[in-house]
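Fold and geometry: a report
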Amino acid sequence: MAVLEETIKFLARNAGFDLVGITAAEPSAFAEEYRQWLDRGYAGEMEFLARDLHRRLDPRELLPDARSIIVVGMNYYADDSEGPGTPPYDPERGIFARYARGDDYHEVMSARLKTLWTEIRALTNEDAAAKIYVDTGPILEREAARKAGLGWFGKNTMLINTRQGSYFFLGEIITNLALEIDSPAIGGCGTCTACIDACPTGAIVAPFEIDSRRCISYLTIELKGDIPEDLQPAISESGNRIYGCDICQEVCPFNIRRSTPTADPAYQPREITSSPKLQELASLSEEEFRERFRKSPVKRAKHRGLLRNVSMALAVSDDIEAEVALERAVKHDPKPLVCEHTARAL
Ligand code: B12
Ligand code: SF4
Ligand code: SF4
């Protein structure tokens, strides 16, 4: 490997990234599959996924003269072997997806990638240019990461690294530097179907294909309106997944065997995201929500989105104080979204 590429990888690891690889900036090999996925309606209300399609399907549209993509992966798994996500579930508590228990990865990784790029640029010429993305632009991140050797596509659609599992975020530096590229990662699920069998809402409609409209992650984070009534019991029964979902990762043998906890302070769970009491969440005022979820990915759902999810969970729990908490939820946010769920629950 050439000296520059070796130095880039050294600097990336120094910046706290666990995985790093380089691929060519070239058109997607899965453009047809991506279009079909949109046509089937699997993106739900996420209209941004259909916007700027020519750019999403070709990274050279994102930066003039783009030649290479430096892809990084960052482990966010924090040890919770006795805690959230592990049955038997406590009906009085809710589960936040692991990615949302600490600081917002968009902010953490973007800042580190900017520093990394400054260091790389100092090693190269003045014409070196770059665009940085961490789930922040029209780019097929998993495809870039697969080609750069970070992992392979699992049937649950996660990018899986044979030695590390799938609890890692992705980020990219698209650059006009012509760098030596890495080989794609080799690996696969074999005959395993554990994620498809375990998904409580049947969102993995076929291997490598997710219908977001059934995915708890979409329903509790991205969906702005009411969560379809027929899917609510499955969400609550699988441990009150009130923000995102990890079930198809929790059952994956690569995570069970290989996930190792990160020591990065940014991804250590906050108290409010570590299996909190539903009542505690229900009684958060908008100001308290802002304070407790400052610099957290949870702010994406907004106060009303989180309350919607909590009132849905309370609706089917046996919690005797549920009624009181629901009343509090309505008092704090009397917007129709929460009221409808709450009314149904009561
Ligand atoms: C939209 C989106 C979602 C949607 C849709 C998810 C989905 N599976 O498509 C929802 C809201 C449901 C979601 C949920 C989650 N997400 Co999300 N999401 C995205 C986003 C913004 C776009 C993904 C996308 O374009 N989907 C459309 C599908 C068609 O594309 P794709 O998943 O990239 O699939 C590629 C391949 O599968 C291939 N392909 C297509 N057909 C076929 C067929 C075969 C046979 C093969 C082999 C390949 C193949 O082509 C596709 C395009 O290259 C990306 C960031 C980004 N810009 O890429 C994050 C991203 C994928 N999400 C991420 C995470 C962490 C999650 C959650 C774990 C969060 C949570 N705990 O709740 C869940 C996981 C759910 C799951 N099993 O996927 C990470 C994944 C990291 C990783 N290791 O894979 C990403 C990369 C964000 C990041 N920067 O870290 N997400
Ligand atoms: S994140 Fe949850 S709901 Fe979505 S596909 Fe995975 S198991 Fe199913
Ligand atoms: S649970 Fe099995 S089928 Fe699903 S992604 Fe993991 S290895 Fe593949």
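Predicted model, so just to flag it, every value in this text is computed and none were measured.

Rules used throughout
- Residues numbered from 1 in each chain as written.
- Chains lettered and ligands numbered in written order.
- Predicted model: local features only at pLDDT ≥ 70, side-chain atom pairs only at ≥ 80, totals over all residues.
- Heavy atoms only, no water.
- Core = buried A, V, L, I, M, F, W, Y, C linked by side-chain atoms within 4.5 Å.
- Buried < 20%, exposed > 50% of the residue type's maximum accessible area, 1.4 Å probe, protein only.
- Helix = DSSP H or I, 4+ residues; strand = E, 2+ residues; numbered from the N terminus.
- Domains from an automatic or database assignment.
- Contact = heavy atoms within 4.5 Å.
- Near = heavy atom within 4 Å.
- Nonpolar A, V, L, I, M, F, W, Y, C, P; charged D, E, K, R; others polar.
- Salt bridge = Lys/Arg side-chain N within 4 Å of Asp/Glu carboxyl O.
- Buried area = accessible area lost by both parts, 1.4 Å probe.
- Phe/Tyr/Trp six-rings, centres within 6.5 Å; stacked < 30°, edge-to-face > 60°.

**Some remarks on the nonpolar core**
Across soluble globular proteins, nonpolar side chains have a tendency to be buried as a group. Grouped together as the largest cluster of nonpolar side chains are 49 residues, with contacts concentrated most on Tyr99, Met109, Tyr267, Leu281 and Phe293. Examining the composition of this core, we find that seven residues originate from one element, helix α4 (residues 105–123), more than from any other. For this core, the domains that each give at least three residues are domain 1 (3–77 + 103–175) and domain 2 (277–346). Every residue in contact with phenylalanine 293, bar those within four places of it in the chain, is listed here: Phe96, Arg270, Ile272, Thr273, Leu281, Leu284, Val298, Lys299 and Leu306. Residues Ala31, Leu57, Cys199 and Cys245 belong to the second largest nonpolar core, which totals 27 residues.

**Let's talk about the site of ligand 3**
Every residue lining ligand 3 is accounted for by Gly154, Lys155, Asn156, Ile160, Cys189, Cys192, Ala194, Cys195, Cys252, Pro253 and Phe254. Broken down by secondary-structure element, the contributors of at least two residues to the shell around ligand 3 are α6 (194–198) and α10 (253–258). For the shell around ligand 3, the class distribution of residues is eight nonpolar, two polar and one charged.

**Some remarks on the site of ligand 2**
Taken together, Cys199, Thr201, Ala203, Ile204, Ile210, Cys215, Ile216, Cys245, Ile247 and Cys248 are the residues near ligand 2. A class-by-class count of the residues in the shell around ligand 2 yields nine nonpolar, one polar and no charged.

**Structural notes on the pattern of salt bridges**
With the rule as written, the count across this model stands at 19 salt bridges. The partner of arginine 213 in a salt bridge is aspartate 211, with the nearest N and O atoms 3.0 Å apart. The exposure class assigned to arginine 213 is partly exposed, which follows from its relative accessible area of 37%. Here aspartate 211 falls in the buried class, since its relative accessible area comes to 8%. Three or more residues joined by partner-sharing salt bridges are found here, namely Arg98, Arg241, Asp246 and Glu250.

**A look at unusual backbone geometry**
Glycine aside, residues mostly have negative phi, and peptide bonds are mostly found in the trans state. Of note, the amide linkage connecting proline 87 to proline 88 takes the cis form, showing an omega dihedral of 0 degrees. Counting through the fold element by element, proline 88 comes out in the loop between β2 (68–75) and β3 (95–96). The phi dihedral of aspartate 135 falls on the positive side, at around 55 degrees, and the residue is not glycine. Inspection of the secondary structure puts aspartate 135 in the loop between β4 (130–133) and α5 (141–147). On the basis of relative accessible area, aspartate 135 is assigned to the partly exposed category, the value being 43%.

**Description of the domain arrangement of the protein**
With domains assigned, the protein is organised as domain 1 (3–77 + 103–175) and domain 2 (277–346). Its C-alpha centre places domain 1 at a distance of 35 Å from the equivalent point of domain 2. Roughly 350 Å² is buried in total at the junction of domain 1 and domain 2, and carbon and sulfur atoms are behind 45% of that figure. When the buried area of domain 1 at its contact with domain 2 is split by residue, Asp103, Asp104 and Glu107 rank highest and sum to 82% of it.

**Remarks on the packing of aromatic side chains**
According to the stated counting rule, one finds 14 aromatic pairs in the structure shown. When the centroid spacing of 6.1 Å and the interplanar angle of 35 degrees are considered together, the rings of phenylalanine 96 and tyrosine 243 count as tilted. Taken together, the residues phenylalanine 96 in strand β3 and tyrosine 243 in strand β10 (residues 241–243) connect sequence positions 147 residues apart.

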